[in-house]
Amino acid sequence: MISSLTGTEILAAMIAPAVLISASASLIFSTANRLGRIFDRVNLLKNEIEGVVDGRLSFPEERLAYLRRQLKVQKKRANLIQRSMAALYTATLFFVSSSLSLGIIVAVSSSASWVATGLALVGGIFLFIASSLLLYESRYNLNFIQGQIEFAEFLEDKVEKKSDNPSSRSK
């Protein structure tokens, strides 16, 4: 079967996985950025915990409960991102293997073209897994954002109640 393919068809078959490699690389880059943002957010949460421990921040019990919830969300997100990265690197490995195997098969005049196809399919499966994990992780990011909004609303309500209290105005 392979021997009946022209050089152009063989080259085209080798380039298809290269396009998928490029797509995987783009996802790896954006996923690494997401992991960096999680790291930054965890550092901000840590600083806020230190502020509560040092007594610099108001509403310590409520704030600590909020921070614990947010740290759990960030931990889950970090785990999902790590799994996504592993799946993306695995997909890239299979796409590269597919492209290389096709070249080797042609070079040795073998009829084992199914190997390249199988490797590309496995790569596609890992790309699908990574995309699914990233979609799931984005839901956790939404939970984090909603938690931030809810706590900001809590603080806003406390400030409004404090300003409505007549005894606080006389001070």
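These remarks concern the structure in this document. Quick caveat, the model's predicted, so the values are computed rather than measured. (Residues numbered from 1 in each chain as written. Predicted model: local features only at pLDDT ≥ 70, side-chain atom pairs only at ≥ 80, totals over all residues. Heavy atoms only, no water.)

## Digging into the overall build of the protein
Link 1 in the chain: The helix and strand tally for the protein stands at four helices and zero strands.
Link 2 in the chain: Ordering the α and β elements of the protein from the N terminus gives α-α-α-α.
Link 3 in the chain: For a compact globule of 171 residues, the expected C-alpha radius of gyration is about 16 Å, and the protein comes in at 26 Å, more than 25% above that figure.
Link 4 in the chain: Sequence separation of 24 or more characterises 79% of the internal contacts of the protein that already satisfy a separation of 6 or more.
Link 5 in the chain: Of the accessible surface of the protein, which amounts to about 10,800 Å², a share of 64% is contributed by carbon and sulfur atoms.
Link 6 in the chain: Placing the 19 positive and 14 negative side-chain charges of the protein at their respective mean positions leaves the two points 4 Å apart. (Helix = DSSP H or I, 4+ residues; strand = E, 2+ residues; numbered from the N terminus. Rg over C-alpha atoms; globule rule 2.2 N^0.38 Å. Contact = heavy atoms within 4.5 Å. Areas by Shrake-Rupley, 256 points an atom, 1.4 Å probe, with all protein chains shown as cover. Lys, Arg positive; Asp, Glu negative; His and termini not counted. Charge placed at Lys NZ, Arg CZ, Asp CG, Glu CD.)

## Some details on a nonpolar patch on the surface
Link 1 in the chain: Side chains of Val96, Leu100, Ile104 and Val108 sit close together on the surface and give an oily, nonpolar patch of about 370 Å² of accessible area.
Link 2 in the chain: Residue placement: Val96 occurs in helix α2 (residues 60-107).
Link 3 in the chain: Using a relative accessible area of 32% as the deciding quantity, one classes Val96 as partly exposed. (Patch = residues over 30% accessible without salt bridge, like charges linked within 9 Å, V, L, I, M, F, W, Y side chains within 5 Å. Salt bridge = Lys/Arg side-chain N within 4 Å of Asp/Glu carboxyl O. Buried < 20%, exposed > 50% of the residue type's maximum accessible area, 1.4 Å probe, protein only.)

## A few points about α2
Link 1 in the chain: For α2, built from 48 residues, the straight-helix expectation of 70 Å at 1.5 Å per residue is met to within 8% by its first-to-last C-alpha distance of 69 Å.
Link 2 in the chain: Phi turns positive, to about 55 degrees, at Ser109, one or two residues after α2. (Expected span 1.5 Å × (residues − 1).)

## Regarding the nonpolar core
Link 1 in the chain: Core analysis: the largest hydrophobic core is formed by 11 residues, namely Ile28, Ile38, Ile81, Met85, Ala87, Leu88, Ala91, Phe95, Leu127, Ala130 and Leu134.
Link 2 in the chain: For this core, the element with the most residues is α2, which contributes six residues.
Link 3 in the chain: Grouped together as the second largest cluster of nonpolar side chains are 10 residues, Leu45, Val52, Tyr66 and Leu67 included. (Core = buried A, V, L, I, M, F, W, Y, C linked by side-chain atoms within 4.5 Å.)

## Quick look at the pattern of salt bridges
Link 1 in the chain: Summed over all chains, the structure comprises five salt bridges.
Link 2 in the chain: Among the ionic pairs, Arg34 bridges to Glu137, the shortest N-O distance being 2.3 Å. Here Arg34 is found in helix α1 (residues 7-53), whereas its partner Glu137 is found in helix α3 (residues 113-164), with 103 residues between them in sequence.
Link 3 in the chain: The exposure class of Glu137 is buried, given its relative accessible area of 0%.
Link 4 in the chain: With a closest N to O distance of 3.5 Å, Asp54 and Arg56 form a salt bridge.
Link 5 in the chain: When salt bridges that share partners are traced, they join Arg34, Arg77 and Glu137 into one network.

## Some words on the side chain of Ser24
Link 1 in the chain: Looking at the secondary structure, you find Ser24 in helix α1.
Link 2 in the chain: Setting aside residues up to four positions removed in sequence, Ser24 forms contacts with Leu88, Ala91, Thr92, Phe95 and Leu127.

## Topic: the packing of aromatic side chains
Link 1 in the chain: For the structure shown, the criterion picks out four aromatic pairs.
Link 2 in the chain: Measuring from centroid to centroid gives 5.6 Å for Phe59 and Phe154, while their planes differ by 75 degrees, and the two rings are edge-to-face. Separated by 95 residues along the polypeptide, Phe59 in the loop between α1 and α2 and Phe154 in helix α3 bring together distant segments of the chain.
Link 3 in the chain: What makes Phe59 partly exposed here is its relative accessible area of 26%. (Phe/Tyr/Trp six-rings, centres within 6.5 Å; stacked < 30°, edge-to-face > 60°.)

## Notes on the packing of α2 against α3
Link 1 in the chain: Interhelical geometry of α2 versus α3 gives an angle of 165 degrees and a closest axis separation of 7 Å. Between α2 and α3, the angle is such that the two are roughly antiparallel. Considering only the axes of α2 and α3, their crossing is left-handed.
Link 2 in the chain: In terms of residue class, the contact of α2 with α3 is made up of 28 nonpolar, 14 polar and six charged. (Axes fitted to C-alpha atoms, helices over the stretch in contact; angles between N-to-C directions. Parallel < 35°, antiparallel > 145°, perpendicular 65-115°, else oblique. Left-handed = near helix turned anticlockwise from the far one by under 90°. Nonpolar A, V, L, I, M, F, W, Y, C, P; charged D, E, K, R; others polar.)

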